[in-house]
Number of protein chains: 2
Amino acid sequence: MFNIAIMGFGVVGSGVWEVIKENSKDISKKLGGNGESLVDVKYILDLRTFEGHELADRVTTDINAIINDKSVSVVVETMGGSHPAYEFSKAALESGKSVVTSNKECVAKYGKELSECAVRNGVSYLYEASVGGGIPIINAMLNALTANKIVKVAGILNGTTNYILTQMKECGTDFESALKEAQRLGYAEANPAADVEGLDALRKICILGGIAFDQIIPTEMATPVKGITEITLEDTAFAEKMGYAIKLLGVAEKCGDRIKLLVAPHFVSNSSLIAATSDVFNAISVTGNVLGESIFYGAGAGSLPTASAVVADVIEAIRCKPLPMLREYAEEGFVLSEDEIPTKLFVRSKKAIEGFENVVINGEYGTILPEALYGEQKKLIEKADVISTYFVL
Amino acid sequence: MFNIAIMGFGVVGSGVWEVIKENSKDISKKLGGNGESLVDVKYILDLRTFEGHELADRVTTDINAIINDKSVSVVVETMGGSHPAYEFSKAALESGKSVVTSNKECVAKYGKELSECAVRNGVSYLYEASVGGGIPIINAMLNALTANKIVKVAGILNGTTNYILTQMKECGTDFESALKEAQRLGYAEANPAADVEGLDALRKICILGGIAFDQIIPTEMATPVKGITEITLEDTAFAEKMGYAIKLLGVAEKCGDRIKLLVAPHFVSNSSLIAATSDVFNAISVTGNVLGESIFYGAGAGSLPTASAVVADVIEAIRCKPLPMLREYAEEGFVLSEDEIPTKLFVRSKKAIEGFENVVINGEYGTILPEALYGEQKKLIEKADVISTYFVL
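Definitions and limits used
Residues numbered from 1 in each chain as written. Chains lettered and ligands numbered in written order. Predicted model: local features only at pLDDT ≥ 70, side-chain atom pairs only at ≥ 80, totals over all residues. Heavy atoms only, no water. Helix = DSSP H or I, 4+ residues; strand = E, 2+ residues; numbered from the N terminus. Rg over C-alpha atoms; globule rule 2.2 N^0.38 Å. Buried < 20%, exposed > 50% of the residue type's maximum accessible area, 1.4 Å probe, protein only. Contact = heavy atoms within 4.5 Å. Lys, Arg positive; Asp, Glu negative; His and termini not counted. Charge placed at Lys NZ, Arg CZ, Asp CG, Glu CD. Buried area = accessible area lost by both parts, 1.4 Å probe. Salt bridge = Lys/Arg side-chain N within 4 Å of Asp/Glu carboxyl O. Polar contact = N/O pair within 3.5 Å; in protein donor to acceptor, adjacent residues only side chain to side chain. Pairing = 2+ DSSP bridges. Axes fitted to C-alpha atoms, helices over the stretch in contact; angles between N-to-C directions. Parallel < 35°, antiparallel > 145°, perpendicular 65-115°, else oblique. Nonpolar A, V, L, I, M, F, W, Y, C, P; charged D, E, K, R; others polar. Core = buried A, V, L, I, M, F, W, Y, C linked by side-chain atoms within 4.5 Å. Expected span 1.5 Å × (residues − 1). Bend = angle between axes of the 7 residues up to and from the residue. Least-squares fit on C-alpha atoms with pLDDT ≥ 70 in both. Disulfide = S-S within 2.5 Å. Left-handed = near helix turned anticlockwise from the far one by under 90°.

Student: Would you mind going over the overall build of chain A with me for this structure?
Tutor: Looking only at helices and strands, one finds 13 helices and 15 strands in chain A. Relative to its length of 393 residues, chain A is compact, with a C-alpha radius of gyration of 22 Å against a globular reference of 21 Å. Projected onto the principal axes, the alpha-carbon positions of chain A cover approximately 70 × 45 × 35 Å. In chain A, buried positions account for 58% of the 393 residues. A separation threshold of at least 6 residues defines the contact pool for chain A, and within that pool the share at least 24 residues apart is 71%. The distance from the centre of the 37 positive side-chain charges to the centre of the 51 negative ones in chain A is 3 Å.

Student: Whenever I open this one, the interface of chain A and chain B confuses me. Can you help?
Tutor: Size of an interface: often given as the accessible area lost when the parts come together. Each partner contributes residues to the interface: chain A has 50 residues there, and chain B has 50 residues. Carbon and sulfur atoms make up 55% of the area that chain A and chain B hide from each other, which totals about 4300 Å². On the surface where chain A and chain B come into contact, there are six salt bridges. With a closest N to O distance of 2.8 Å, Glu316(A) and Arg319(B) form a salt bridge. At the boundary of chain A and chain B, one finds 14 residue pairs in polar contact (both at pLDDT 80 or more). Those elements that place two or more of their residues in the side of chain A that touches chain B are helix 1 (11-22), helix 2 (24-30), helix 6 (137-144), strand 11 (292-299) and helix 12 (303-319) of chain A. Judged from the three bridges that link them, strand 11 of chain A and strand 11 (residues 292-299) of chain B form a sheet pairing that is antiparallel. Across the sheet, residue Phe296(A) finds its bridge partner in strand 11 of chain B, namely Phe296(B).

Student: Just to check I follow, could you spell out the packing of helix 6 of chain A against helix 10 (residues 199-213) of chain A for this structure?
Tutor: Packed helix pairs are specified by the crossing angle of their axes together with the interaxial distance, meaning the distance between the axes. Residues and elements named next belong to chain A. Where helix 6 contacts helix 10, the two axes come as close as 10 Å, and the packing angle between them is 5°. Between helix 6 and helix 10, the angle is such that the two are roughly parallel. Between helix 6 and helix 10, the residues in contact are Ile137, Ile138, Met141 and Leu142 and Ile207, Leu208, Ile211 and Ala212, respectively. Grouping the constituent residues of the contact of helix 6 with helix 10 by class yields eight nonpolar, no polar and no charged.

Student: Hey, could you run me through the nonpolar core in this one?
Tutor: If you look at soluble globular proteins, the nonpolar side chains tend to sit buried side by side. Core analysis: the largest hydrophobic core is formed by 165 residues, its most contacted members being Ile137(A), Met141(A), Ile137(B) and Met141(B). In this structure, Leu336(A), Ala283(B), Ile341(B) and Phe391(B) belong to the second largest nonpolar core, which totals 48 residues.

Student: Can you help me understand the sheet that holds strand 5 (residues 98-101) of chain B in this one?
Tutor: Backbone-to-backbone hydrogen bonds join strands into a sheet, with any given pair of strands oriented parallel or antiparallel. All names here are of chain B. Read from one edge to the other, the open sheet built from six strands follows the order 3-2-1-4-5-6, with strand pairing classed as parallel. Each edge of the open sheet carries a strand with a single partner, namely strand 3 (59-60) and strand 6 (125-126). Summarising the sheet, strand 5 and strand 6 pair through two bridges and their orientation is parallel. Directly across from valine 100, in strand 6, lies its bridge partner leucine 126. Along the sheet, helix 1 (residues 11-22) makes contact with strand 1 (2-7), strand 2 (39-45) and strand 4 (72-77), crossing strand 1 at roughly 155°.

Student: Looking at this structure, how should I read the environment of Lys247(B)?
Tutor: Residue and element names in this part refer to chain B. Within the secondary structure, lysine 247 sits in strand 8 (residues 244-255). Measuring from C-alpha to C-alpha, the distance between lysine 247 and alanine 118 comes to 36 Å, with 129 residues separating the pair along the chain. Dropping the residues within four chain positions of it, lysine 247 is found in contact with Ile156, Asn162, Leu165, Thr166, Ala264, Pro265, His266, Val268, Ile274, Ala275, Thr277 and Ser278. Reaching out from lysine 247, the side chain makes a polar contact with the side chain of asparagine 162 at a distance of 3.1 Å. Separated by 2.7 Å, the side chain of lysine 247 and the backbone oxygen of threonine 277 make a polar contact.

Student: I'm lost on helix 5 (residues 104-120) of chain A in this one. Help?
Tutor: Given 3.6 residues per helical turn, the α-helix brings residues three or four places apart onto the same face. Residues and elements named next belong to chain A. With 17 residues, helix 5 should cover 24 Å at 1.5 Å per step; its first-to-last C-alpha distance of 22 Å lies within 8% of that length. Of all the bends in helix 5, the greatest measures close to 80° and is centred on tyrosine 110. The complete set of buried residues in helix 5 reads Cys106, Val107, Tyr110, Gly111, Lys112, Leu114, Ser115, Cys117 and Ala118. On its buried face, helix 5 is in contact with strand 4 (72-77), helix 4 (85-94), strand 5 (98-101), strand 6 (125-126) and helix 10. The backbone nitrogen of glutamate 105 lies 3.2 Å from a side-chain oxygen of the residue at the head of helix 5, namely asparagine 103. Glycine 122 sits one or two residues past helix 5 and shows a positive phi near 65°.

Student: Just checking my understanding: could you explain helix 10 of chain A for this structure?
Tutor: Residue and element names in this part refer to chain A. The terminal C-alpha atoms of helix 10, which comprises 15 residues, lie 21 Å apart, in line with the 21 Å expected from a rise of 1.5 Å per residue. Counted residue by residue, helix 10 has 14 buried out of 15 residues, so it is predominantly covered. Taken from the residues just after helix 10, aspartate 214 is the one with a positive phi, measuring 55°.

Student: In this structure, what is going on with the pattern of salt bridges? I would like to understand it.
Tutor: Counted by the stated rule, this structure contains 50 salt bridges over all chains. For Asp200(B), the salt bridge goes to Lys104(B), with nearest N and O atoms at 3.3 Å. Of this pair, Asp200(B) sits in helix 10 (residues 199-213) while Lys104(B) sits in helix 5 (residues 104-120), and the two are 96 residues apart along the sequence. Taken together, the salt bridges that share partners define one network made up of Glu18(A), Lys21(A) and Glu54(A).

Student: When you look at the relation of the copies chain A and chain B in this model, what are you seeing that I'm missing?
Tutor: Superposing the two chain copies requires a rotation about an axis and a translation along that axis. With an RMSD of 0.0 Å, chain A superimposes on chain B once it is rotated by 180° and translated 0.0 Å along the axis. The superposition operator between the copies reduces to a two-fold rotation axis. Distance from the rotation axis, computed per C-alpha, reaches its smallest value in chain A at Cys320(A): 2.1 Å. Mapped onto chain B, 100% of the interface residues of chain A again fall at the interface, so both copies present the same surface.

Student: What exactly am I supposed to notice about the state of the cysteines here?
Tutor: The term disulfide refers to a covalent linkage connecting the sulfur atoms of a pair of cysteines. For the coordinates displayed, the defined rule picks out one disulfide over all chains. At a sulfur-sulfur separation of 2.1 Å, the disulfide partner of Cys320(A) is Cys320(B). Around the S-S axis, the bridge from Cys320(A) to Cys320(B) shows a dihedral of about 110° and counts as right-handed. Placement of the pair is Cys320(A) in the loop between helix 12 and strand 12 (342-349) and Cys320(B) in the loop between helix 12 (303-319) and strand 12 (342-349), with the two residues belonging to separate chains. Each member of the pair Cys320(A) and Cys320(B) is classed as buried. The thiol of Cys206(A) is not disulfide-bonded; the next cysteine sulfur, from Cys106(A), is found 15 Å away.

Student: Whenever I open this one, the sheet that holds strand 4 of chain A confuses me. Can you help?
Tutor: All names here are of chain A. Across the sheet, which stays open at both edges, the six strands sit in the order 3-2-1-4-5-6 with parallel pairing between neighbours. The sheet is open, and its two borders are formed by strand 3 (59-60) and strand 6, each paired with just one other strand. Of the strands in this sheet, strand 1 (2-7), strand 2 (39-45) and strand 4 touch helix 1, which is tilted by about 155° from strand 1.

Student: Whenever I open this one, the packing of helix 4 of chain A against helix 5 of chain A confuses me. Can you help?
Tutor: All names here are of chain A. Where helix 4 contacts helix 5, the axes come no closer than 10 Å and their chain directions differ by 15°. One finds that helix 4 runs roughly parallel with respect to helix 5. Between helix 4 and helix 5 lies a crossing whose hand is right-handed. Together, Ala85, Tyr86, Ser89, Lys90, Leu93 and Glu94 of helix 4 and Cys106, Tyr110, Glu113, Leu114, Cys117 and Ala118 of helix 5 make up the contact between the two elements.

Student: Got a minute to help me understand the environment of Asn64(A) in this structure?
Tutor: All names here are of chain A. Within the element layout of this structure, asparagine 64 appears in helix 3 (residues 63-67). Residue asparagine 64 is classed as partly exposed on the basis of its relative accessible area of 42%. On a C-alpha basis, the gap between asparagine 64 and alanine 92 in space is 9.3 Å, while along the polypeptide they are 28 residues apart.

Set out below in structure tokens:
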């Protein structure tokens, strides 16, 4: 029997228990058993008491009860936030327990330190569930795409904003109304800032970029970081007319010895599978030097998809030797500044941009400039009374 | 140092060596090293001699040299065909070595026996590379989608036929000409039967269906098994007019206590990511009861993508405890007969089918019948002078 503890019994944490209970037989087989239950939740760390819940007698508020119990081999951290998630994870690792987390904030901030702590103690620190919900993207990048130097990771990493953009595109709803609808359906939080301003996608692309380029990339290095609050129906009309969809993308891409790393709304060609990704779904494209492009599509959030990724990591922690994933911080200047970014650029402007094909809607001009440095493009268009610009994938 | 042997040094086998050489540093890190070379190819089993090749001194024709060398822990089988691949794999497993293969024919035919042999000997029998080339679909189904009862696996599993269908759709080339072009480009073999008649896709869907439904499903159980040789430009014209693409799909789907398991060209709605998958690419959709649909897209064949999957399995064999994947043969009647299959159906006919919307092109009628048993639909259309029918995804 493998004993685990779940720290934080909220949406994801309770989903982890549901998955362990529901799929106990399959999990058993994956751990070498014959269908008998092999994983037991011995502790739940939470400030609430969960009276009447079948696991109510496992609930504790005392982290030391878990840390000091040598029979616990894996601790699931589904608390959210940086503190005390960081301190509790560190204590668990130092006591020789593997830690599995869905907490992207903690991974983005303390992933380096916690990974080093895991290596020192011969255990695993795993965080598949922190990016892409149920999409096994980290597993794929770490294990399955071994043959590749990864040159680019780009994708729709936030379901809430993708739902809003889908509504804007397909129903002609403006941003504010689409946001309200997303809140009504429970896709967006009462305070939607982390989603709509791109912070959630930022944490995720920093985690993925770190794996792709084998460095720790703090969120502060990314530029630009733009959300979707300024996208208008005029922009979506131009996109549609020109054969594109507007998608909020996180992008990490090798450019010589440096990388571009950013979060911004992009024009994405309708011929791309990324453009066809609607509603709350996520899609992540990984380009390797020999494999070319692979795309992973699926449910990017939700209790059970995320819990599914957590449980897969619990099985990995039990079944496999730890991966010693030690990375150093990226050096200053590793990430291109905004003006150094090579990109195609969509421009909406009051005056036509001469020398390029312009699409006209309601007296405004839409143009796609060929790939060049963003800084050069900004000079080129400065006299065109620009209303909005978008990178083009 | 981990010693491996490669049996069969053809396109994939030599790709395995390229990948191990090229990514030696990354592989080292994944095995707990610091960048020093940790995997060595100690033997190559092949009837050819490879004079002048850097590994020429490792080539042997004697399987016993490998079997009897206790320092070899993993044997890569990239020979193709059933014999002697089966016998050699069995001997390697019985001598306590894990076996990693890209050989779908051998997996489809002898996977059960070889998996059991691996379990008896406490080693792994891994075959990620046998389906979907570089797409980590088996790894995802076995490890990452733990939270799910899989209810459906469907996808484009053969790049050659997808290339031909893309040519027919986009360039209006007929089947024979598109096949010739595929042969000229090296995408199709001189004898293309295994690809264009659906046998390759059949082996793959049986492997995936076996994993999804935890049974061994012999290829003989699948019905129908149809390739792409009878698809005409008249069919593609109807598909295009009605908003579909024609794709050769392998499908394994739970229907109550039984499954449908088949390979056939399908009408796939243009709104699906599967329809947007062009050229030699593969895309595989997996639907789980809690996760919903996930789609995995990428290079489905080719030396390096396939070798990439082989090397990932070699790392898994070294790093992780074996998964005891024991499955029993599906019972007779587990797979629905053709007439029992519930499906939407596209019908092209000389007479209109009354009561349904008919699209007309050049005096012929195209109709999509709503979901019903195929046997019932056949009765419904028997008086319509039917020219062709297609399942609809």
